[in-house]
Amino acid sequence: MNRVTPAQLPAHTALRALPELHAMVAEDLAYQTTLAAPYLAGWRERTALVAQLEAAIEAAPGGLICLAGPPGSGVTSTLLALAAAGSRPIWLEAQRAPLGVAAFCAQIVAVRPQLLPLIDPAVITDAAALERFLAAAVKGAADRLVLLIDLESALLPPVGPLAPPLPQVIPPEVTLVIGCEPKAQLPFAPVARFLLPEADPEQRLLIEQLAATIDPAPLARDALVDAAEGVPLYPLLAGALMRAGCLHDLPVGVDGLIDRWWDSLAESEQQLALLLAVAGASLPLELLQQMSKIDVSAITAFWEACGLINLTVQRAAGDGELSLIMAAYSHGAIAKRLMVHSPQGVTAAHRQMAAAQAYATRAGSKPAELYLLRNYGRHLAGDNVVGQEHEHPGTELISRERLRIRERQDGVVAAYHDSAYALVYAGKYGSALQLAIAAAQTGTLATLARSLSADAAVAALLAGMERGGRENALRQVLDLVERLPDGSDKAQILRRLGETCYAHRMRSSAMRLLSRAIDLEAQPISRAWRDQREQLLAALALAALGCDDSDSALAIAEQIEHLERRAQVETQVARRLLAQGDRDRAQRVPGDSARKYGPMGAG
């Protein structure tokens, strides 16, 4: 068995040479490294399968190559083998962690020297931005770009409510290798498809080697290999369960193993198992103990001995030497099977997690509180039972106060995720007004989530200048900067770029950029945005009037700053009131407006 570490993934290593870009995606890259660690720790060479995939990559002019297999069959570890064999960017668990697209694009930049060290801020929320980025990555390149994406399982608890922004069109010079389950939906038809275990002639030999470490007796080894159904995870899990004394025969398949373990659990232990299944992240034992009436430490220690979970020690930020014990399943196949096996229990576990928010303060400073704050929206959206006996508390999820807390705690992208959960809730259970509010908030936060580092923008400009194309480099950088929302952050980037241009004797460009920065600082919200807001408010007011709700129409009209547009709405309200015979109130409409905003002709 060859040991491989994340440090040996060439695309990750190449990114360290771009410190400003690396800093922008450090959190996402660290999460991807964490996902890769258990697969890399148990690395086993599969030369025949890798050779077949390499041949398919070489033969294909581009397009999609699919590597499919059930959980535990080695799809993810094989993708990591391909990543380690060359400078190939890899994106793990795209289905569960769509924000990993930023780290994915940063790796592409690192292996494509012709690109400026900067990524489009829209790639997080817009698949079209990723398509544009891929087109730029292969333009003028001599070799093909090979990309690796692991979709994982759609049935696992998602880290976010958003589908990964996968491209629907890729350039001919790009080969996309996607790892997935056999029934996964792909963005387009593959040019080649490999289905595990059938596609790997060495699969049985690998399982025999693993089985030999459990029971060297030939007959017992053959029985274990047959029960594994071609999935290498089976002997590893079965061996651990046997050594722990909780498996005395061999059920068929990994699902059979998990079902056997599940059936052996008491009801309280099943509840604990489901809490871990819906977590979507490592959970502090402290939090599990708060929600359980049993000794969580003893049970999780035994489950670790059975090979079912991993217990890790993590230092609590800001708490000195205080350490936390974190628990998570050793393989996603376990969580997936439990979620399919007990959907009602999954719903109850999500509800229990959402209710545990009562343990957390608004500040969310302790580790358990941080988890609850960061995952509240997901658990609330995962509670699929709504009715007279159980009222879904979606208004709490949608509230602006909660979104502001998330933004202060973890940034705009985190608030965007929570708002997207609110959109999921509102679409299923909310009123039309809640759906409109959630859609508006999610769209606004999706725009605000687009961000760039001023240091990274300057570094990209300097890198372009070193290649001799100063104006072209500035144009490329500004093309990305202009996709940012107007505001002080954008003004700061433009100011820094202007100062850099001035230092390099690009005086006219410098003056233009500095002037634009000053304008943005003086008026951070653009005139176009204000005009669109006014048009939207007028449309909403007229829609309310069309629903015969004059009070709401007037309340919306009060927020319209443009006096003439507001007067048009109020005229329509007054006419509706006159038609209804409410003459006194119709006469008061312009008077109320004048008292609040001054004469209608003012301004």
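The structure presented is a predicted model; accordingly, all values stated were derived computationally and were not measured.

**Q** I keep staring at the overall build of the chain and nothing clicks. Help me out?
**A** Within the chain, the regular secondary structure consists of 29 helices and eight strands. The buried share of the chain, taken over its 603 residues, is 49%. In the chain, 68% of the contacts between residues at least 6 apart in sequence involve partners at least 24 apart. Approximately 27,900 Å² of the chain is accessible, and the part contributed by carbon and sulfur atoms is 54%.

**Q** Where do I start with unusual backbone geometry in this structure?
**A** Outside of glycine, negative phi angles account for most residues, and trans bonds account for most peptide bonds. A cis amide bond links L196 to the next residue, P197, at an omega of 5°. In this structure, E229 is a non-glycine residue whose phi angle is positive, near 55°. Here E229 lies in the loop between helix 9 (218-228) and helix 10 (233-243). Phi is positive for D548, close to 65°, though the residue is something other than glycine. Within the secondary structure, D548 is located in the loop between helix 26 (527-546) and helix 27 (550-557). D548 sits in the partly exposed class, given a relative accessible area of 48%.

**Q** Explanation requested: the side chain of S419 in the structure shown.
**A** By secondary structure assignment, the location of S419 is in helix 20 (residues 412-428). Within polar-contact distance, the side chain of S419 engages the side chain of T442 at 2.8 Å. If sequence neighbours within four positions are ignored, S419 has contacts with L403, A438, Q441, T442 and L445.

**Q** Would you mind showing me how to read the pattern of salt bridges here?
**A** Side-chain pairs of opposite charge can arise where the charged atoms are in close proximity. All told, the structure shown has 19 salt bridges when counted by the stated rule. Across the pair D249 and R260 runs a salt bridge, and its minimum N-O distance is 2.4 Å. Pair noted here: D249 is in the loop between helix 10 and helix 11 (253-263) and R260 is in helix 11, with a separation of eleven residues, a long-range link. Among the ionic pairs, R576 bridges to D548, the shortest N-O distance being 3.3 Å. Here the residue R576 occupies a position in helix 28 (residues 563-579), and D548 occupies one in the loop between helix 26 and helix 27, the gap between them amounting to 28 residues. Ionic contacts of the salt-bridge type, sharing partners, join the residues D120, R132, D479 and R483 into one network.

**Q** Teacher, can you tell me more about the sheet that holds strand 2 (residues 90-91) here?
**A** Strand pairing within a sheet occurs via backbone hydrogen bonds; the two strands may be parallel or antiparallel. Strand order across the open sheet formed by five strands is 2-3-4-1-5, with parallel pairing between neighbours. Looking at which strands have only one partner, the edges of the open sheet turn out to be strand 2 and strand 5 (192-195). Relative to strand 3 (residues 145-150), strand 2 is paired through two bridges, and the arrangement is parallel. Across the sheet, W91 pairs through a bridge with I149, a residue of strand 3. Here helix 5 (residues 75-85) sits on the sheet and contacts strand 1 (63-68), strand 2, strand 3 and strand 4 (174-180); the angle it forms with strand 3, its principal contact strand, is near 155°.

**Q** Explain the packing of aromatic side chains here, please?
**A** Aromatic rings in a pair are described by how distant their centres are and how their planes are angled relative to each other. With the rule as written, the count across this model stands at three aromatic pairs. Taken together, a centroid distance of 5.2 Å and an interplanar angle of 85° make the contact between W261 and W303 edge-to-face. Of the two residues, W261 sits in helix 11 while W303 sits in helix 14 (residues 296-305), which places them 42 residues apart along the sequence. Like W303, W261 is buried. An angle of 80° between the planes, with centres 6.5 Å apart, marks the rings of W261 and Y329 as edge-to-face.

**Q** I keep staring at helix 21 (residues 432-448) and nothing clicks. Help me out?
**A** The periodicity of an α-helix, 3.6 residues per turn, causes residues three or four positions apart to be oriented the same way. For helix 21, which comprises 17 residues, the first-to-last C-alpha distance of 24 Å matches the rise-based estimate of 24 Å (1.5 Å per residue) to within 8%. By the burial criterion, the buried members of helix 21 are Q434, A438, Q441, T442, L445 and A446. The arc that holds every buried residue of helix 21, seen down its axis, measures 135°, which confines them to one face. The exposed residues of helix 21 that point more than 90 degrees off its buried face are A432 and L433.

**Q** What am I meant to see in the pairing of strand 4 here?
**A** Each regular strand carries side chains that alternate between the two faces of the sheet. With seven of seven residues buried, strand 4 lies mostly within the body of the structure. Burial along strand 4 is two-sided: V174, L176, I178 and C180 and T175, V177 and G179, pointing in opposite directions, are all buried. Bridge count between strand 1 and strand 4: six bridges; the pairing is parallel. The partner of L67 across the bridge, within strand 4, is G179. Looking at chain direction, strand 3 and strand 4 are connected through six bridges and run parallel. From the neighbouring strand, L147 faces strand 4, where its bridge partner is L176.

**Q** I tried to follow the nonpolar core on my own but got confused; where do I start?
**A** Looking at soluble globular proteins, one finds that nonpolar side chains tend to be buried together. Membership of the largest hydrophobic core comes to 53 residues, with the highest contact counts inside it found for W261, L288, W303, L308, Y329 and L338. If you look at the next biggest cluster of nonpolar residues, it comprises 41 residues, including A94, A122, L147 and C180.

**Q** Help me understand the confidence of the model for the chain, please; the structure alone is not making it clear to me.
**A** Low-confidence regions, as indicated by low pLDDT, have predicted coordinates that should not be scrutinised in detail. Of all residues in the chain, 87% have pLDDT values of 70 or greater, and the mean over the chain is 82. When mean pLDDT is taken per element in the chain, strand 5 scores highest with 94 and helix 18 (residues 394-398) scores lowest with 53. This stretch, residues 386-394, has a pLDDT under 50; its non-local contacts, to residues over four places away or in other chains, come to 13 contacts.

**Q** Looking at this structure, I do not really get the packing of helix 10 against helix 11. What am I missing?
**A** Axes are the key here: two packed helices are described by the angle between their axes and the distance separating the axes. Across the interface, helix 10 lies against helix 11 with an axial gap of 9 Å and an inter-helix angle of 25°. Classified by the interaxial angle, the pair formed by helix 10 and helix 11 is roughly parallel. Of the two elements, helix 10 crosses helix 11, and the hand of that crossing is left-handed. Contact with helix 10, carried on its side by L233, Y234, L237, A238 and L241, involves G253, V254, L257 and I258 of helix 11 and no other residues of that element. Considering only residue class, the contact of helix 10 with helix 11 consists of eight nonpolar, one polar and no charged.

**Q** Honestly, the packing of helix 6 (residues 101-111) against helix 7 (residues 127-138) in this entry has me stumped. Any pointers?
**A** Packing of helix 6 against helix 7 leaves a shortest axis separation of 11 Å and a crossing angle of 10°. Between helix 6 and helix 7, the crossing angle belongs to the class labelled roughly parallel. Listed contacts from helix 7 to V101, C105, I108 and V109 of helix 6 are L130, F133, L134 and A137. Of the residues assigned to the contact of helix 6 with helix 7, the class counts are eight nonpolar, no polar and no charged.

**Q** What should I look at first to understand helix 3 (residues 26-41) in this one?
**A** The terminal C-alpha atoms of helix 3 lie 22 Å apart, and with 16 residues this matches the ideal 22 Å at 1.5 Å per residue to within 8%. If you look at helix 3, its biggest bend is around 30°, right at L35, and the proline P38 turns up within four residues after that. Three or more residues of helix 3 are buried, namely L29, Q32, L35, A36, Y39 and L40. Turning to helix 3, the residues buried within the fold contact helix 1 (10-15), helix 2 (19-24), helix 5, strand 2 and helix 6.

Conventions adopted
Residues numbered from 1 in each chain as written. Predicted model: local features only at pLDDT ≥ 70, side-chain atom pairs only at ≥ 80, totals over all residues. Heavy atoms only, no water. Helix = DSSP H or I, 4+ residues; strand = E, 2+ residues; numbered from the N terminus. Buried < 20%, exposed > 50% of the residue type's maximum accessible area, 1.4 Å probe, protein only. Contact = heavy atoms within 4.5 Å. Areas by Shrake-Rupley, 256 points an atom, 1.4 Å probe, with all protein chains shown as cover. Polar contact = N/O pair within 3.5 Å; in protein donor to acceptor, adjacent residues only side chain to side chain. Salt bridge = Lys/Arg side-chain N within 4 Å of Asp/Glu carboxyl O. Pairing = 2+ DSSP bridges. Axes fitted to C-alpha atoms, helices over the stretch in contact; angles between N-to-C directions. Phe/Tyr/Trp six-rings, centres within 6.5 Å; stacked < 30°, edge-to-face > 60°. Expected span 1.5 Å × (residues − 1). Arc of directions from axis to C-beta. Core = buried A, V, L, I, M, F, W, Y, C linked by side-chain atoms within 4.5 Å. pLDDT = per-residue confidence, 0-100. Parallel < 35°, antiparallel > 145°, perpendicular 65-115°, else oblique. Left-handed = near helix turned anticlockwise from the far one by under 90°. Nonpolar A, V, L, I, M, F, W, Y, C, P; charged D, E, K, R; others polar. Bend = angle between axes of the 7 residues up to and from the residue.

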